[in-house]
Amino acid sequence: MAAVLPVHGKQPNILFIFSDDHAAQAIGAYGSKVNETPHLDRLAKEGMRFENCFATNSICTPSRATVLTGKYSHLNGTPVFNRFNGGQLTGPKLLQKGGYRTGMIGKWHLGSDPTGFDYWEILPGQGDYFNPVLYTASGQKKYESQYVSDVITDLTINFMKSVPKDQPFFAFCGHKAPHRPWEPHPRYASWKTRKVPEPASLRDDYAGRTDALRENEQTIVRDLTRRDLKLTPPAELKGAARNQWLNESPEEVTVDGRSLTGDELLKWKYQRYLQDYLACVQSVDDSVGHLLDYLEQSGLKENTVVIYSSDQGFFLGEHGLYDKRFMYEPSLRMPFLVRWPGVIKPGSTQTGIAINPDFAPTFCELAGVPVPEEMQGRSLVPLFRGEVPGDWRKSMYYRYYHDPGHHNTRAQIGVRTLTHKLIWYWKKDQWELYDLVKDPEEMKNLYSDPAAAAVREELKVELQRLKKELRDEDQFAREDPPGTVDGSVERLRGN
Ligand code: CA
């Protein structure tokens, strides 16, 4: 793919804000019914909102590896929580060669040290919400009495300030929030009393669906732990017994002297979960506000492309779930907002299908650096201009490997078009098919519906076509990648 000359005659700065587990349905600009995000909405209002941006393997470390390399999991060697090979070609390395000063701040979570960055300061593994430790190539620092989202914001601004005025920068601002264990800053304490609306599918009975939904262990009702729910252990419990108590999911909770079970307990768990999750989202929204303010105040706004995204989506009670991994919309969909003054039409939306392998090629084209052949994604720059090229993809390929992993979620392969989705849980050869236009909540599995036979067969052909085109030759076999079965692949640093 040919390089383009940067529109303003010089290479734009790139500020890439990448949060962890932030679902699009928890962003005002995406029509959130559960929270407000004024600063992200400002980014959308001044830029473009992608309606159809998807993770190709909806889980943290694999998504990050894909964003860096422009390749699917089967070719970048990181299908599960295994250590990323930083020796391979990445977008940041190419930007660095192209004259950019590159900085990586915050959540990295790839198990190996960053490569391709002139400056990096990252959380070990998942990192902590309070008093976080961050480390650099030469040492580490504990940020006492500080909150992780604020620390990452300040360090990102410091990095941008440190870059000589005549050099473009690529700043990767990686937020930990709103990842589990959802520990909000006390300044968002008012969330504790908010009542969050429930999604229509909170009590999904999984009728007509495959075993995968019934077998999973990421349900609000059965799997949120006392730790997740911020319950206080009895004082007499110590050590391992205390830990065990915290790691169990309670079947009964006493609130204000009342015993809650059954549907009352589900309602309470949902509120506890969403209150904390959304309060953590608010710290990310505040961060976006500070970063946008800095760009304006420093005169950098006009020549800086700002992108906001998250490594995958998240279930906020849809299908009774939390977490991600499944190919259903709340998990598959990544938020993607981009502002580029003078190029992107303010307040516009884009419905072309974008995927996370597109991110690295996009960074390259923005920088005027040729996109290497080996990257499997395509630059989104034409889509930023409001166009969708005639040969743009009409479908996307999905593959999730981490089975049983931490949540007993089945391995799956799937294809999504603008109107339909086919999912194959290959271990039991079970299938699901959804009409996303008539059934956006994905409640009705049409796989065995004779009326859907034609589209089912078309999608099966398309799935095999994509698999071949993308060179997914079952690199990890149809077997599980090493270490996935017991959920204890090589521990990432700090976990
Ligand atoms: Ca994540």
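Quick caveat: nothing in here was measured; it's all calculated off a predicted structure. (Residues numbered from 1 in each chain as written. Predicted model: local features only at pLDDT ≥ 70, side-chain atom pairs only at ≥ 80, totals over all residues. Heavy atoms only, no water.)

### What about the coordination of the calcium ion?
Only D20 (OD), D21 (OD), C60 (SG), D311 (OD), D311 (OD) and Q312 (OE1) from the protein reach the calcium ion as donors, at distances of 2.2 to 2.6 Å. Taken together, the six donor atoms coordinating the calcium ion span angles of 53 to 165 degrees at the metal, a pattern that classifies the geometry as irregular. Linear spacing of the donor residues for the calcium ion on their chain is D-D-x38-C-x250-D-Q. Q312 matches D311 in its accessibility class, with the two residues each being buried. (Donors = N, O, S within 2.8 Å, 3.2 Å for Na, K, Ca; no water. Tetrahedral: all angles 85-135°; square planar, octahedral: opposite > 155°, others 65-115°. Buried < 20%, exposed > 50% of the residue type's maximum accessible area, 1.4 Å probe, protein only.)

### Quick word on the nonpolar core
F50, M160, Y273, Y277, F336 and F384 are the most contacted members of the largest nonpolar core, which totals 110 residues. Apart from residues no more than four positions distant in its own chain, M160 is found in contact with L15, F169, A171, L291, Y294 and L295. Membership of the second largest hydrophobic core comes to 40 residues, among which are I59, F315, Y425 and L446. (Core = buried A, V, L, I, M, F, W, Y, C linked by side-chain atoms within 4.5 Å. Contact = heavy atoms within 4.5 Å.)

### Quick word on the packing of aromatic side chains
The geometry of an aromatic ring pair comes down to the distance between the two centres and the angle between the two planes. What the rule picks out here adds up to 30 aromatic pairs. On the numbers, 6.0 Å between centres and 85 degrees between planes, the contact of W182 with Y322 is edge-to-face. Of this pair, W182 sits in the loop between β8 (169-174) and α6 (211-215) while Y322 is found in the loop between β11 (304-310) and α10 (329-332), placing the two residues 140 residues apart along the sequence. In this structure Y322 comes out as buried when scored by relative accessible area, which is 1%. One aromatic cluster in this structure is built from F16, F18, F50, W108, F117, F170, F172, F336, F359, F363 and F384. (Phe/Tyr/Trp six-rings, centres within 6.5 Å; stacked < 30°, edge-to-face > 60°. Helix = DSSP H or I, 4+ residues; strand = E, 2+ residues; numbered from the N terminus.)

### Remarks on the confidence of the model for the chain
Averaged over the chain, the pLDDT score is 94; the fraction of residues at 70 or greater is 94%. In this model residues 485-495 is a low-confidence stretch, pLDDT under 50, and it forms 29 contacts with partners more than four residues away in sequence or in other chains. (pLDDT = per-residue confidence, 0-100.)

### Some details on the pairing of strand β1 (residues 13-19)
Along β1, seven of the seven residues are buried, which leaves the element largely enclosed by surrounding structure. For β1 and β11, the ladder comprises seven bridges, and the chain directions are parallel. Its bridge partner lying in β11, F18 is registered against S309. Two strands pair when backbone bridges link them, and β1 and β8 are joined in this way by five bridges, in the parallel orientation. The partner of I17 across the bridge, within β8, is C173. (Pairing = 2+ DSSP bridges.)

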